[in-house]
Amino acid sequence: MKWLLCYLAGMSLIAFLLCGIDKRKARKGRWRIPEKTLFFVSGLGGAWGFLLGMLCFHHKTRHWSFRILIPLFSLLWLAACVFLLWKGLPF
């Protein structure tokens, strides 16, 4: 379980940084990170970090797709962790 938590923490850090970088680029009118990339990183385990980034940077909070999918990804990863703990699998 330690490896899974380290993986999720790393992906969350990456997602949080991507959220901050994209917000900064948006303010400066520069090239942006594609939304597909943001969803991809969130779906791979960075949803908690991206959710925190949405709150800290007030980024993508008006987009319904982000307001629904990012919390959904967070809940799915939480359910997966609880399931693995419940089954006692060695992660």
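Everything that follows concerns the structure shown earlier in this document.
All residue numbers here refer to positions counted from 1 along the written sequence of the relevant chain. The predicted nature of this model means local features are confined to residues of pLDDT at least 70 and side-chain atom pairs, given and counted, to a pLDDT of 80 or more, with totals for whole chains, interfaces and linings taken over all residues. Side-chain numbers come from the whole structure's heavy atoms, not from hydrogens or water.

1. Some points on a nonpolar patch on the surface
Argument step 1. Each patch is assembled from residues with relative accessible area greater than 30% and no salt bridge, linking like charges that lie within 9 Å and nonpolar side chains (Val, Leu, Ile, Met, Phe, Trp, Tyr) that lie within 5 Å. Surface accessibility follows the Shrake-Rupley procedure with a 1.4 Å probe radius. Residue values consider only the protein chains on display as shielding. Here, a salt bridge means any Lys or Arg side-chain nitrogen found within 4 Å of an Asp or Glu carboxyl oxygen. On the surface, W64, I68, L69, L72 and L76 cluster together to form a nonpolar patch covering roughly 510 Å² of accessible area.
Argument step 2. Numbering of helices and strands runs from the N terminus, with a helix taken as a DSSP run of H or I at least four residues long and a strand as a DSSP run of E at least two residues long. Mapped onto the elements, L72 comes out in helix 3 (residues 64–87).

2. What about the state of the cysteines?
Argument step 1. For this text, the term disulfide refers to a pair of cysteine sulfurs within 2.5 Å. According to the stated counting rule, one finds zero disulfides in the structure shown.
Argument step 2. In this structure C19 is not part of a disulfide, and its nearest cysteine sulfur, from C56, lies 8.5 Å away.
Argument step 3. Overall, C19 belongs to the buried group, its relative accessible area being 0%.
Argument step 4. Between C81, a cysteine without a disulfide, and C6, which holds the nearest cysteine sulfur, the sulfur-to-sulfur distance is 12 Å.
Argument step 5. According to the relative accessible area criterion, C81 is buried, its value standing at 10%. Burial classes: relative accessible area under 20% of the type maximum marks a residue as buried, over 50% as exposed, and values in between as partly exposed (1.4 Å probe, protein chains only).

3. Side note on the packing of helix 1 (residues 2–28) against helix 2 (residues 35–57)
Argument step 1. Axis angles are defined between N-to-C directions and span 0 to 180 degrees, where every axis is a line fitted to C-alpha atoms and, for a helix, only to the segment in contact. Put simply, helix 1 and helix 2 touch, their axes get as near as 6 Å, and they point 60 degrees apart. In this view, helix 1 runs oblique relative to helix 2, as classed from their interaxial angle. Of the two possible hands of crossing, helix 1 and helix 2 adopt the one that is right-handed. For classification, angles of less than 35 degrees are called roughly parallel, those exceeding 145 degrees roughly antiparallel, those between 65 and 115 degrees roughly perpendicular, and all remaining angles oblique. Handedness of a helix crossing follows the sense of rotation of the near helix relative to the far helix, less than a right angle counterclockwise being left-handed and clockwise being right-handed.

4. Topic: helix 3
A turn of α-helix holds 3.6 residues, and therefore any two residues three or four places apart point the same way.
Argument step 1. Expected helix span is given by 1.5 Å per residue-to-residue step, counting one fewer step than there are residues. Here helix 3 spans 34 Å end to end across 24 residues, near enough to the 34 Å set by a 1.5 Å rise per residue.
Argument step 2. Should any heavy atoms of two residues lie within 4.5 Å, those residues are counted as being in contact. Considering only its buried residues, helix 3 is in contact with helix 1 and helix 2.
Argument step 3. Positive phi shows up at G88, right after helix 3, with a value of about 75 degrees.

5. Quick word on the nonpolar core
Argument step 1. Here the nonpolar core consists of buried residues drawn from Ala, Val, Leu, Ile, Met, Phe, Trp, Tyr and Cys, with membership extended through side-chain atoms lying within 4.5 Å. Membership of the largest hydrophobic core comes to 14 residues, with the highest contact counts inside it found for L38, F50, F66 and I70.
Argument step 2. Of all elements in the fold, only helix 1, helix 2 and helix 3 reach the threshold of two or more residues within this core.
Argument step 3. Among the elements that take part in this core, helix 2 stands out by supplying six residues, more than any other.
Argument step 4. In this structure, I70 is in contact with F39, S42, A47, F50, L51, M54 and S65, ignoring residues within four places of it in sequence.
Argument step 5. Counting five residues, the second-largest nonpolar core is a separate cluster that includes M1, L4, C81 and L84.

6. Topic: the environment of G45
Argument step 1. Position of G45 among the secondary structure elements: in helix 2.
Argument step 2. Note on G45: relative accessible area 2%, which makes it buried.
Argument step 3. Each C-alpha atom of the pair G45 and A9 lies 8.3 Å from the other, and the pair is 36 residues apart in sequence.
Argument step 4. What G45 contacts, discounting residues up to four positions off in sequence, is L8, M11, S12 and W77.

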